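# Descriptive structure summary
The primary structure of each chain is shown beneath.
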Amino acid sequence: MTSILNADLHCHSVISDGTLTPEALAQRAKANGVELWALTDHDEVGGQQRAAAAARALDLQYLTGVEISVTFAGQTVHIVGLGIDPDNSELKLGLQRTRGGRGQRAREMSDDLERIGIHGAYQGALKYAGNPELISRTHFARFMVETGVCRETNEVFRKYLTEGKPGYVEHRWASLKDAVRWIRDAGGVAVIAHPARYKFNATEEFALFSEFKSHGGQAVEVVTGSHSAAEYISYAAMATEFGLAASRGSDFHSPDESHTDLGTLPPLPEHLTPVWQLLTARIQTLQ
Ligand code: AMP
Ligand code: MN
Ligand code: MN
Ligand code: MN
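Residues numbered from 1 in each chain as written. Chains lettered and ligands numbered in written order. Predicted model: local features only at pLDDT ≥ 70, side-chain atom pairs only at ≥ 80, totals over all residues. Heavy atoms only, no water.

The next subject is the coordination of the manganese ion (ligand 2). For the manganese ion (ligand 2), every protein donor is listed as D17 (OD), H42 (NE2) and H253 (NE2), and the spread of their distances is 2.1 to 2.2 Å. Within one chain, the residues serving as donors to the manganese ion (ligand 2) are arranged as D-x24-H-x210-H. A gap of 5.6 Å separates the manganese ion (ligand 2) and the manganese ion (ligand 3). Of this pair, D17 sits in the loop between β1 (7-8) and α1 (22-31) while H42 sits in the loop between β2 (36-38) and α2 (48-57); the two residues are 25 residues apart in sequence, bridging distant segments of the chain. (Donors = N, O, S within 2.8 Å, 3.2 Å for Na, K, Ca; no water. Helix = DSSP H or I, 4+ residues; strand = E, 2+ residues; numbered from the N terminus.)

Here it is in structure tokens:
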């Protein structure tokens, strides 16, 4: 399989903070020409069977996936796991623990918003959470658009819910080491998600990549919906420098909110090793 394969290995369903079902995402991926797809819900593998079955029915090649929330050097980092066994008990337990603090965090976020006159945000956000165990900032953002606090979810993240802004609550997620270990022990490949999104200085970023690698991490997202064309180039260089394979994924959440649709990103730079080359035995096909 070559680097020009239309692979989309990062997106979200109603099982986490997307607005489409796994089945609707599979159909959208197929309609958009995706040839290899993965559903990567935050901290949750509850949609994997449905996604795999839907992909199978459409003759769409599928890789299992998850996006794990990690705390590294005081910031939240996302680690995608591809080709994992969703029934692996250590992985399931680890994800359950990682999700565990979300309810309490959501209540504290709501209390903080209350302070500035935004009422009922917890109940309001919960209405949008397809999975009550997975209440996320995205659900708060949707509530704040619904109630007219902001015009769109991006605006919510500019003015609220992020560090130093109202509604932000610091939270401790999984460790980098644990997340990579859960993924590897479940037979998968760990991938640093959208590295350009983090606000690390050069030393911290170097530490992230080298520690990730030393724990057994194998890939990095180079072409993603959150990167600019210039960032494709800088993270292609990082992949080469650290001997990591490269991944490609839209991070699609919703037709109304996401600016990058499934399967519409440019191909990976040709000189990189596509992550799917490490996963040929884990790809689910009809044959
Ligand atoms: P949480 O896991 O609850 O902290 O929520 C994180 C989710 O919020 C991410 O996966 C995105 O879907 C969304 N998000 C975070 N930052 C932004 C942003 N600046 N713009 C749009 N969505 C964002
Ligand atoms: Mn999300
Ligand atoms: Mn992410
Ligand atoms: Mn994501």
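Empty space within the largest pocket amounts to approximately 1,400 Å³. Taken together, 38 residues line the largest pocket, and the ones lying closest to its centre are H78, R137, F157, T162 and R197. Mapped by element, the contributors of at least two residues to the lining of the largest pocket are β4 (65-72), β5 (75-82), α4 (102-115), α6 (137-146) and α7 (153-159). Of the residues belonging to the lining of the largest pocket, the class tally is five nonpolar, 21 polar and twelve charged. (1 Å grid on protein atoms, 1.4 Å probe; cavity = no way out; pocket = protein on both sides within 12 Å on 5 of 7 lines; lining within 4 Å. Points joined across faces, edges and corners; volume = space filled by probe spheres on them. Nonpolar A, V, L, I, M, F, W, Y, C, P; charged D, E, K, R; others polar.)

Here we have three strands laid out as an open sheet, ordered β1-β2-β3, and parallel in their pairing. With one partner strand each, in any of the chains shown, β1 and β3 (61-63) form the two edges of the open sheet. Sheet topology note: the β1/β2 ladder contains two bridges and is parallel. Each bridged residue has a counterpart across the sheet, and for A7 the counterpart in β2 is L36. (Pairing = 2+ DSSP bridges.)

Let us now look at the coordination of the manganese ion (ligand 3). For the manganese ion (ligand 3), the full set of protein donor atoms is E67 (OE), H78 (ND1) and H194 (NE2), at a range of 2.2 Å. Site description for the manganese ion (ligand 3): donor spacing in sequence, E-x10-H-x115-H.

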